[in-house]
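Residues per chain, in single letters:
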Protein chains: 4
Amino acid sequence: MSDFEELRQKLIDFRNERDWEQFHNPKDLAIAISIEANELLEVFLWKDFKEAKTEKVKEELADILAFCILLADKYNLNVRDLVLDKIQKNAEKYPVEKAKGTAKKYTEL
Amino acid sequence: MSDFEELRQKLIDFRNERDWEQFHNPKDLAIAISIEANELLEVFLWKDFKEAKTEKVKEELADILAFCILLADKYNLNVRDLVLDKIQKNAEKYPVEKAKGTAKKYTEL
Amino acid sequence: MSDFEELRQKLIDFRNERDWEQFHNPKDLAIAISIEANELLEVFLWKDFKEAKTEKVKEELADILAFCILLADKYNLNVRDLVLDKIQKNAEKYPVEKAKGTAKKYTEL
Amino acid sequence: MSDFEELRQKLIDFRNERDWEQFHNPKDLAIAISIEANELLEVFLWKDFKEAKTEKVKEELADILAFCILLADKYNLNVRDLVLDKIQKNAEKYPVEKAKGTAKKYTEL
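- Chain A is annotated in an unreviewed UniProt entry as Nucleotide pyrophosphohydrolase of Runella rosea.

Structure follows, in structure tokens:
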């Protein structure tokens, strides 16, 4: 069994034991991802990144990933495949010869 | 090789071919995760979730996951382990007998 | 007429001319504020703040403020009063003698 | 004195009494706005908007507005004028005859 499949199953079990699927419609899961992403951001607020606590980064990253896996599950999306597909698309949007060494958005390249 | 290790390596290769590590300090990666999370939110804006396009959900989820994997890599964190650790912690914060069927935060249980 | 009252009326007129109130339930307005806040964040992504373009900061700030004023209107809240009330509350949470020169959250003071 | 000018002065006084300007570079202020916007979103998470508590909406709106006013001040922007300018621009992006009754983005009209 793959990593993602293992995590997906554990997260679904956790959710179902608590009868939480009723709250997890895709729109609220997307809201939850944004909220957790901002709890991660708060770890860095008013600071240089070197002062941020790794333990907190780790916990907030876990929350974001958990909700991403649960949202992917709602659409029967395979997490590995969707990231691989996006890397492929981004390789076209950001060809090495144009994108090398610049942080510009593809619309400005 | 695990799924995450495969994705991590491909994302690092993609980044390094474009010489982008110089931009990827942890604070900016956290900002990028929040921005992508909000591009995902935009797919649901002013709509019932049923009207949201799966293809767009898929692409935005991929961007969030990619930046999460790159940020985890900055701290040498193993993505599988950090999610498993958090499930364990949340099981303590949200015991089944208290959390079942309610969307309340653990601070209010 | 106060500034806020002037802006509120112009924003409500803009919305009503387009028959958009049907989309503006408070939850979606809150989502819109987060999305606009992240468009503002994108102006600073991968950059030192000195490289951010003032014109873009200005436009994104306007979008955030507009949705805040529209959301306040939904609850019949007076924008001036709610900010003044919060300054009062924050003065209690962050007394000068404890908070001076530190970026710590009040829960850690 | 206008509402905004009154709020701006009170917020600057509050900040200066605590010697906080050192933390308030524009990039971190933009991060703070996103974090506060997501605390507002959390008021609506897993809920119909009717269940959200007005008192919490009010407090989070105040935090967002306060950081917006402080960021505008960094660029010497007049809050009233920037919202009025944006209403003007949006009137061009969303002409009544095209935008009426639809939630589509201007790029799709």
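### Overview of the pattern of salt bridges
- Tallied over the entire structure, the rule returns 56 salt bridges over all chains.
- One salt bridge in this structure joins E59(B) and K89(A), with 2.4 Å as the shortest N-O distance. Of this pair, E59(B) sits in helix α3 (residues 54–74) while K89(A) sits in helix α4 (residues 79–93), placing the two residues on different chains.
- Look at E59(B) and you get partly exposed, because its relative accessible area is 22%.
- Of the charged contacts, one joins K74(C) and E21(C) as a salt bridge, the two residues approaching to 3.3 Å between their closest N and O atoms. Highlighted residues: K74(C) in helix α3 (residues 54–74) and E21(C) in the loop between α1 (3–17) and α2 (26–42), separated in sequence by 53 residues.
- Assessed through its relative accessible area of 27%, K74(C) is described here as partly exposed.

### A short note on the relation of the copies chain D and chain C
- Note on the identical chains: chain D maps onto chain C by a rotation of 180° and an axial translation of 0.0 Å, with an RMSD of 0.0 Å. Considering both components of the superposition, the chain copies are consistent with a two-fold axis.
- When the interface residues of chain D are mapped onto chain C, 100% of them again lie at the interface, so the same face is used by both copies.

### Details of the relation of the copies chain B and chain D
- The transform that puts chain B on chain D rotates by 180° and translates by 0.0 Å along the axis, for an RMSD of 0.0 Å.
- Residue by residue, 100% of the interface of chain B is reproduced at the interface of chain D, so both copies engage with the same surface.

### Some remarks on the interface of chain B and chain D
- Of the residues lining the interface, eleven residues belong to chain B; the matching set on chain D comes to eleven residues.
- Along the contact surface separating chain B from chain D lie six salt bridges.
- For the pair chain B and chain D, the interface holds four residue pairs in polar contact (both at pLDDT 80 or more).
- In terms of residue count, the dominant contributor to the side of chain B that touches chain D is helix α2 (residues 26–44) of chain B (six residues).
- Here the residues of the side of chain B that touches chain D sort into four nonpolar, one polar and six charged.

### Considering the interface of chain D and chain C
- Contact with chain D, which involves 64 residues of that partner, is made by 64 residues of chain C.
- In this assembly, chain D packs against chain C so that about 6,000 Å² is buried in total across both faces, 72% of it on carbon and sulfur atoms.
- At the surface where chain D touches chain C, the tally comes to ten salt bridges.
- Residue assignment for the side of chain D that touches chain C shows that the elements contributing at least two residues are α1 (3–17), α2 (26–42), α3 (54–74), α4 (79–93) and α5 (96–99) of chain D.
- It is α3(D) that contributes the most residues to the side of chain D that touches chain C, 13 residues altogether.
- Grouping the constituent residues of the side of chain D that touches chain C by class yields 38 nonpolar, nine polar and 17 charged.

### Looking at the domain arrangement of chain A
- As far as domains go, chain A holds domain 1 (1–75) and domain 2 (78–109).
- Centre-to-centre, using C-alpha coordinates, domain 1 of chain A lies 24 Å away from domain 2 of chain A.

### As for the packing of aromatic side chains
- As enumerated under the stated definition, the model contains 18 aromatic pairs over all chains in all.
- Note on F14(B) and W20(B): the rings are 5.9 Å apart at their centroids and 70° apart in plane angle, and the pair reads as edge-to-face. No difference in accessibility class separates F14(B) from W20(B), as the two residues are buried.
- Relative to F67(C), the ring of W46(B) has its centre 5.9 Å away and its plane inclined at 45°; by these criteria the two rings are tilted. Here the residue W46(B) occupies a position in the loop between α2 and α3, and F67(C) occupies one in helix α3, the pair thus bridging two chains. F67(C) carries the same exposure label as W46(B), and that label is buried.
- Between R18(B) and the ring centre of F14(B), over which it is positioned, the NZ or CZ distance is 3.7 Å.

Calculation criteria
Residues numbered from 1 in each chain as written. Chains lettered and ligands numbered in written order. Predicted model: local features only at pLDDT ≥ 70, side-chain atom pairs only at ≥ 80, totals over all residues. Heavy atoms only, no water. Salt bridge = Lys/Arg side-chain N within 4 Å of Asp/Glu carboxyl O. Helix = DSSP H or I, 4+ residues; strand = E, 2+ residues; numbered from the N terminus. Buried < 20%, exposed > 50% of the residue type's maximum accessible area, 1.4 Å probe, protein only. Least-squares fit on C-alpha atoms with pLDDT ≥ 70 in both. Contact = heavy atoms within 4.5 Å. Polar contact = N/O pair within 3.5 Å; in protein donor to acceptor, adjacent residues only side chain to side chain. Nonpolar A, V, L, I, M, F, W, Y, C, P; charged D, E, K, R; others polar. Buried area = accessible area lost by both parts, 1.4 Å probe. Domains from an automatic or database assignment. Phe/Tyr/Trp six-rings, centres within 6.5 Å; stacked < 30°, edge-to-face > 60°. Lys NZ or Arg CZ within 6 Å of the ring centre and 35° of its normal.

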